[in-house]
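The lines below spell out each chain.
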Amino acid sequence: MIAQLRGPLLLWSFFDQYKGNGVTTLAANMIQPGILGTGSFLPERVLTNQDLENMVDTSDEWIVTRTGISERRVSEPGVPTSELAIEASKRALEDAQTEPDEIDLTIVATITPDMSFPATACLVQDALAAKNSGAFDVEAACSGFVCGVAAASSMIMTGSINKALVIGAEELTKITNYEDRTSCILFGDGAGAVVLGPSENRRIVYTKLGADGSGGEMMKLPAGGTRMPTTAETVRDKLHYMVIRGREVFKFAVTRMQDCIQEAIDARGYGPEDISLIVPHQVNRRILKAAAEKFGLPMEKLAVNIDKRGNTAAASIPIALDEAIKEGKVKAGDVVILVAFGGGLTWGSALVEW
């Protein structure tokens, strides 16, 4: 069987690369990676638009019109990101009928780790008793989960690992400035996870990642790193909260999402009519609607949960994917595209043949 793939591949000597289009072919003796199981977890506390009306100068109508968000989940004080990741992982492992000691690699995609180090993935690995697993974090903002899927899939293909646990987990409400009416309305907390392994079903047949570091100023958390270490002044000036240039981000996201989808279907020889479901990063309903219109698709062909979940960055795609599967929106034979874009600037996509 020959499968087309694009994206990071760890051992290029196994592949024949065609010049010009960057498409690679997977030889018959290579291992086909697929999604074995999914899971997600959300905090119980709900923050509604009405709640925000009592906090900043905004309104439910203004928020819904501009973002499509009605509510979002908020983690309690003292509950770290790793706890959300652990719960989502347990559900994914159960769904995949996989024991923790079968996992060879644990990846956590997050911009809200428990601490700078050790990696949140190490904390999750320990809590799950995944004693045979390596572990590391991916920090690529909203694209992080797709980056993790691309990396783990490549390692499965080459045989360096057999099964991987890839998690997107965020507690964005803890780095949100609730005095900034333009951004505090957007973000929520949650976690989603997938178990990847050799499979002839739910096959990951394409991945592609990209970045443009010149756009890094569009979305950032200024202080707390070596460029601007924590001081009394950085705390006073609220530099440990996210800063976002909304209009610039909107333009980037609209264009990049559409480009990623087009590249994915072109790589596999599909047309828009072949797309069964797009699972996008949940950034803004208007951006998602623009993509649907671009490809002539009804909104029903997009997995959209931003109205209830808000923007959960790296967690948004695995949460939306898990919910879509549980709701029966994905069936055998479907063509499913995961597409992400975010701070960095970064972007990525994966095509799954269900």
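The coordinates are above.
Residues numbered from 1 in each chain as written. Predicted model: local features only at pLDDT ≥ 70, side-chain atom pairs only at ≥ 80, totals over all residues. Heavy atoms only, no water.

Asks: I would appreciate a short explanation of the packing of helix 7 (residues 246–268) against helix 8 (residues 285–294) in the present structure.
Replies: The angle between the axes and the distance between the axes are what describe a pair of packed helices. For the pair helix 7 and helix 8, interaxial distance at closest approach is 9 Å and the crossing angle is 35°. The handedness of the crossing between helix 7 and helix 8 comes out as right-handed. From helix 7, F250, A253, V254, M257 and Q258 reach across to helix 8, where they touch R286, I287, L288, A290, A291 and K294. Each residue belonging to the contact of helix 7 with helix 8 can be placed in one class, and the counts come to 8 nonpolar, 1 polar and 2 charged. (Axes fitted to C-alpha atoms, helices over the stretch in contact; angles between N-to-C directions. Helix = DSSP H or I, 4+ residues; strand = E, 2+ residues; numbered from the N terminus. Left-handed = near helix turned anticlockwise from the far one by under 90°. Contact = heavy atoms within 4.5 Å. Nonpolar A, V, L, I, M, F, W, Y, C, P; charged D, E, K, R; others polar.)

Asks: Honestly, the pairing of strand 8 (residues 134–138) in this entry has me stumped. Any pointers?
Replies: Residues in a regular strand point their side chains to alternate faces of the sheet. For strand 7 (residues 105–109) and strand 8, the ladder comprises 5 bridges, and the chain directions are parallel. From the neighbouring strand, I107 faces strand 8, where its bridge partner is F136. Following the backbone out of strand 7, through helix 4 (residues 120–128) and into the adjacent parallel strand 8, one traces a crossover that is right-handed. (Pairing = 2+ DSSP bridges. Right-handed = clockwise from strand over helix to strand, strands pointing away.)

Asks: Even after reading the chapter, I still don't get the state of the cysteines, so can you show me in this structure?
Replies: Note on terminology: a disulfide is the covalent bond linking the sulfur atoms of two cysteines. Applying the stated criterion across every chain yields a total of 0 disulfides. This cysteine, C122, is not joined by any disulfide, and C147 carries the nearest cysteine sulfur, 19 Å off. Looking at C122, the relative accessible area reads 32%, which means it is partly exposed. Of all cysteine sulfurs in the structure, the one in C260 sits closest to C147, which takes part in no disulfide; the separation is 11 Å. (Disulfide = S-S within 2.5 Å. Buried < 20%, exposed > 50% of the residue type's maximum accessible area, 1.4 Å probe, protein only.)

Asks: I tried to follow the side chain of Q258 on my own but got confused; where do I start?
Replies: Within the secondary structure, Q258 sits in helix 7. Classification of Q258 by relative accessible area gives buried; the value is 15%.

Asks: Please clarify how the pattern of salt bridges should be interpreted in this entry.
Replies: Should the charged atoms of two oppositely charged side chains come close, the side chains can pair. What the rule picks out here adds up to 15 salt bridges. Taking the shortest distance from any N to any O, the salt bridge between R203 and E353 comes out at 2.3 Å. Separated by 150 residues along the polypeptide, R203 in strand 11 (residues 203–211) and E353 in strand 16 (residues 346–353) bring together distant segments of the chain. Exposure remark for E353: the relative accessible area of 11% places this residue in the buried category. Residue D334 is joined to K331 by a salt bridge in which the shortest nitrogen-to-oxygen separation is 3.2 Å. Looking at D334, the relative accessible area reads 7%, which means it is buried. Classification of K331 as exposed rests on a relative accessible area of 56%. Within this structure, R203, R268 and E353 form a network of salt bridges that share partners. (Salt bridge = Lys/Arg side-chain N within 4 Å of Asp/Glu carboxyl O.)

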